[in-house]
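Listed below, chain by chain, are the residues.
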Amino acid sequence: MAQVTLDSVRKIYPNGVEAVTPASFQIKDGEFVVLVGPSGCGKSTLLRMIAGLEDITEGALCIGENVVNTLDPADRDIAMVFQNYALYPHMTVRKNIAYGLKNRKTPKDVIAQKVDEAAKMLNLTDYLDRKPAQLSGGQRQRVAMGRAIVRDPALFLFDEPLSNLDAKLRNQMRIEIKALQRRLGVTSIYVTHDQVEAMTMADRIIVLNGGRIEQIGTPSEIYHNPASTFVASFMGAPPMNLVAAEMQDGRLSFAGLELPLASSLRGPVTLGLRPEDLIIDSHGPLAMEVELIEELGAHRLLHGQVDGQRLTVHLAKEEQVALGPLRLSCRVQNLCLFHPETGARMEGGFAFNLAQTRQEERV
Amino acid sequence: MADISLSAATPVVPRRRFRWSTVVDHAILITGALIMFLPLLILVQTASTPDVETMKYGPGLYFGDQLDDNFRKALFEASGFSGENTGLAMFKNSMILGLGFAFGKIIIGMMAAYAIVYFRLRFATFAFWLIFTTLLLPLEVRILPSYEITQKLGLLNSYTGLIVPLIASATATFFFRQFFRSVPEELVEAARIDGAGPVKFFIDILVPLSQTMIAAMFIIMFVYGWNQYLWPTMVTTEEGMYTLVRGIKQIVQVLQGGNEIPEYGRANVLAIIAVLPPVAIVIFFQSWFVKGLTESDK
């Protein structure tokens, strides 16, 4: 159990590429933090620096009270689960799980007891004498977890542990990992490119893009108050609709939508609308041309155009829709405005003059 | 109805079709096998025939009754002057040379490859290519300086002198390097987090993973060492240090100079004995070979 503190941790590779720009954040004891971002965003590099598998170019990394920049991975009191499991193929499951303890000169009876405990916890008791090659993907993943938990580390590190599993198993393992982490209460850092994993598992999410931290927040904060167009479009499936709109004289206008806005902004802005905040409304201000309907069982997604800009609408299954023209209105509380060029969020908590909007009445 | 369904249920065994191409294939293979086998047959024939008959008629068509006698002579009687180079003693020397050669080359090749692949050494690639280019310099090229060094170190007529000057192996280093590079990076990292240092990682993980590679190298290197002729001829002058391959030659040679008939039978028995261990090793390790190819467990 420990908290992890990064103070301007930076990574520059010998070829001059800056993989991680100075990153500072703190992870509380027992917290489950997910690093998420597209491939090449530096999330794995950051994790590997915390693990000690990559050198830290600048900055300080603390696990617990101590700066561990120069410590060997083995001495950092961490355990890591790898994407391809990295089990030792020539050892049985039992030996795989026990190897880390054996290297730390743990007495034999303690090892046996801990391995049994971990195996019971992970439903691996019947497989202890098998080799990794004789196990399914999910079982191998559990062995990798077992190898991590027998050591009682201060910190768990997960490097995309579920991306080699099929979709069904992934959902199941996601729940298992989360439940296990809750039960053990070990601080965890989890790297993934899958925003669903990030949203469902994290206590807090750190969104990375191009080696830079875009936003840190709880899943709900990230979803409802994205700090940039990147976060807005990366988190959430389907992603937030981002359309070009115009601010003038305290009014925001997009297609037929006119919103009075207590803001001194003027000029073009990027307007962010979550697909589920758009609602069918025969008197609505937005005219949409529906081009495609995605049937997802519990709900439907409409894809189409409004004023020449692509838009996706999330609909409950009860609503009847057809291809062709449709009128929409939107729930304005959740609108986001972004800078049209930098993509940064504008006016964090700007206030709509809700009383004056006609959409208000409909919500 | 019942009849029909029954007859339909019996599986129809398709008759093997007769193909001329198959016959031709087999004919070629059988001929090839016979040609390969013939020298061995002559070897056995000569070994079982009295030397006088071999001298008179050359290799014959019938097996004689001297195999047992020749075998005893070959194994337990010494040729030469000192009486030390019995077949058994030479067999022992050859075994030591072959095994020492194989194990030495494997150990040194593995360790060199380990250093090149896993450690951040300056000029590691350069060092590797330097090692690799020595493949272009076989023993024969450097045999005089090698001999001189061995002689000056006082290693003539010793097992150390037989084995050590030839023990560095570019081939083994190369194969192990290629193999190590194919071992997933995560395995190294997992071991590091599990607290295994470089030595532990090598012994606990890399060596067991390389089993099949080691077996393959063992076959190649043992046979290579066993069949060495030139180097043992130069380094061993005492008969007690002779290897089998060297000893066969000596039996025929020494006696040809005198008035006696060369002991063809005895020499050929030695030749048979010299052939057996490499064959046995290939047969024994072959199953490992196949296992390594089919059960990839990296």
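Residues numbered from 1 in each chain as written. Chains lettered and ligands numbered in written order. Predicted model: local features only at pLDDT ≥ 70, side-chain atom pairs only at ≥ 80, totals over all residues. Heavy atoms only, no water.

Quick look at the overall build of chain A now. Broken down by element type, chain A carries 9 helices and 20 strands. Projected onto its principal axes, the C-alpha positions of chain A cover 75 × 45 × 35 Å. Relative to its 363 residues, chain A shows a buried fraction of 53%. Taking the contacts inside chain A whose residues are at least 6 apart along the sequence as the reference set, 65% of them involve residues at least 24 apart. Accessible surface computed for chain A: about 15,900 Å², of which carbon and sulfur atoms make up 48%. The positive charge centre, built from 39 side chains, and the negative charge centre, built from 43, are 8 Å apart in chain A. (Helix = DSSP H or I, 4+ residues; strand = E, 2+ residues; numbered from the N terminus. Buried < 20%, exposed > 50% of the residue type's maximum accessible area, 1.4 Å probe, protein only. Contact = heavy atoms within 4.5 Å. Areas by Shrake-Rupley, 256 points an atom, 1.4 Å probe, with all protein chains shown as cover. Lys, Arg positive; Asp, Glu negative; His and termini not counted. Charge placed at Lys NZ, Arg CZ, Asp CG, Glu CD.)

This part covers the overall build of chain B. When you go through chain B residue by residue, the secondary structure sums to 15 helices and 0 strands. Expressed as a percentage of its 298 residues, the buried residues of chain B come to 36%. For chain B, the share of sequence-separated contacts (at least 6 apart) that also reach a separation of at least 24 residues comes to 74%. Accessible area for chain B stands at about 17,900 Å²; split by element, carbon and sulfur atoms hold 68% of it.

Here we come to the pattern of salt bridges. Counted under the stated rule, the structure contains 19 salt bridges over all chains. For E258 of chain A, the salt bridge is made with R251 of chain A, and the minimal N-O distance between the two is 3.4 Å. Under the relative-accessibility criterion, R251 of chain A is labelled partly exposed at 36%. The partner of E295 of chain A in a salt bridge is R300 of chain A, with the nearest N and O atoms 2.8 Å apart. Given a relative accessible area of 15%, R300 of chain A falls into the buried group. Several salt bridges converge on common partners, so that one network encompasses K11, R48 and E54 of chain A together with E189 of chain B. (Salt bridge = Lys/Arg side-chain N within 4 Å of Asp/Glu carboxyl O.)

Let us look at the domain arrangement of chain A. Residue and element names in this part refer to chain A. One can read the domain layout of chain A as domain 1 (4–230) and domain 2 (238–362). The C-alpha-based centres of domain 1 and domain 2 are spaced at 38 Å. Listed as interface residues are 8 residues of domain 1 and, on the opposing side, 10 residues of domain 2. Here domain 1 and domain 2 share an interface that buries about 710 Å² over both sides, 50% of which is from carbon and sulfur atoms. The largest share of the area that domain 1 buries against domain 2 comes from Y223, P226 and T229, three residues that together contribute 69% of it. Here domain 1 is connected to domain 2 by 0 salt bridges. The interface formed by domain 1 and domain 2 includes 5 residue pairs in polar contact (both at pLDDT 80 or more). (Domains from an automatic or database assignment. Buried area = accessible area lost by both parts, 1.4 Å probe. Polar contact = N/O pair within 3.5 Å; in protein donor to acceptor, adjacent residues only side chain to side chain.)

Right, let's get into the packing of helix α2 (residues 93–103) of chain A against helix α11 (residues 198–209) of chain B. Running from N to C, α2 of chain A and α11 of chain B cross one another at 155°; their axes reach a closest spacing of 13 Å. One element, α2 of chain A, and the other, α11 of chain B, form an angle in the roughly antiparallel class. For the element pair α2 of chain A and α11 of chain B, the recorded crossing hand is right-handed. The segment α2 of chain A lies against α11 of chain B, with Y99, K102 and N103 of chain A engaging K200, D204 and I205 of chain B. By residue class, the composition of the contact of α2 of chain A with α11 of chain B is 2 nonpolar, 1 polar and 3 charged. (Axes fitted to C-alpha atoms, helices over the stretch in contact; angles between N-to-C directions. Parallel < 35°, antiparallel > 145°, perpendicular 65-115°, else oblique. Left-handed = near helix turned anticlockwise from the far one by under 90°. Nonpolar A, V, L, I, M, F, W, Y, C, P; charged D, E, K, R; others polar.)

With that settled, consider the packing of aromatic side chains. All names here are of chain B. Inspection of every chain in the model, using the stated rule, returns 27 aromatic pairs over all chains. With a centroid separation of 5.1 Å and 70° between ring planes, the pair formed by F128 and W129 is classed as edge-to-face. Ring geometry for F176 and F180: centres 6.0 Å apart, planes at 35°, overall tilted. With F176 and F180 both in helix α9 (residues 170–182) and 4 residues apart, the pair spans about one turn of that helix. When sorted by exposure, F176 lands in the same class as F180, which is buried. A network of ring pairs unites the aromatic residues Y114, Y118, F119, F176, F179, F180, F201 and F202 as a single cluster. (Phe/Tyr/Trp six-rings, centres within 6.5 Å; stacked < 30°, edge-to-face > 60°.)

Before going further, it helps to spend a moment on the sheet that holds strand β3 (residues 32–36) of chain A. Residue and element names in this part refer to chain A. The strand order across the open sheet formed by 6 strands is β6-β7-β8-β3-β9-β10, and the pairing between neighbours is mixed. One side of each edge strand has no neighbouring strand; the edge strands of this open sheet are β6 (78–81) and β10 (212–217). Going from strand to strand, the sheet's axes swing by 15° on average, the running direction of each strand aside. Examined bridge by bridge, β3 and strand β8 (residues 187–192) share 5 bridges and lie parallel to one another. When the sheet's bridge partners are listed, V34 is paired in β8 with Y190. Those strands touched by helix α4 (residues 137–149) are β6 and β7 (155–159), and its axis lies near 175° from that of β6. (Pairing = 2+ DSSP bridges.)

What follows covers the interface of chain B and chain A. Counting residues at the interface gives 19 residues for chain B, matched by 26 residues for chain A. The three residues of chain B that bury the most area against chain A are R192, I193 and D194 of chain B, which together make up 38% of that side's buried surface. At the junction of chain B and chain A, the tally comes to 2 salt bridges. A salt bridge links E189 of chain B to R48 of chain A, with the nearest nitrogen and oxygen atoms 2.7 Å apart. Scanning the region where chain B abuts chain A turns up 13 residue pairs in polar contact (both at pLDDT 80 or more).

All names here are of chain A. Here 5 strands make up an open sheet; going across it, the order is β15-β19-β16-β17-β18 and the pairing antiparallel. At either end of the open sheet lies a strand with only one pairing partner, and these are β15 (278–280) and β18 (309–316). For this sheet, the mean inter-axis angle between neighbouring strands, taken without regard to orientation, is 50°. Summarising the sheet, β15 and strand β19 (residues 324–330) pair through 3 bridges and their orientation is antiparallel. Residue pairing in the sheet places L278 in a bridge with C330 of β19.

Residues and elements named next belong to chain A. For strand β16 (residues 286–295) and β19, the ladder comprises 5 bridges, and the chain directions are antiparallel. When the sheet's bridge partners are listed, E289 is paired in β19 with P325. As defined by bridge partners, β16 adjoins strand β17 (residues 299–306) across 7 bridges and the pair is classed as antiparallel. Within β17, the residue paired with I293 across the bridge is L302. Between β16 and β17, which pair antiparallel and follow one another directly, the connecting turn spans 3 residues, one of which, G297, has a positive phi of 85°.

Turning our eyes to something else, we now look at helix α7 (residues 143–152) of chain B. Residue and element names in this part refer to chain B. For α7, the set of buried residues is I143, S146 and T150. End-on, the buried residues of α7 take up no more than an arc of 65°, which puts them together on one face. Turned more than 90 degrees away from the buried face of α7 sit L144, I149 and K152, all of them exposed. Tucked inside the fold, the buried residues of α7 contact α8 (159–163) and α13 (230–235). The positive-phi residue at the C-terminal boundary of α7 is G154, with phi of around 70°. (Arc of directions from axis to C-beta.)

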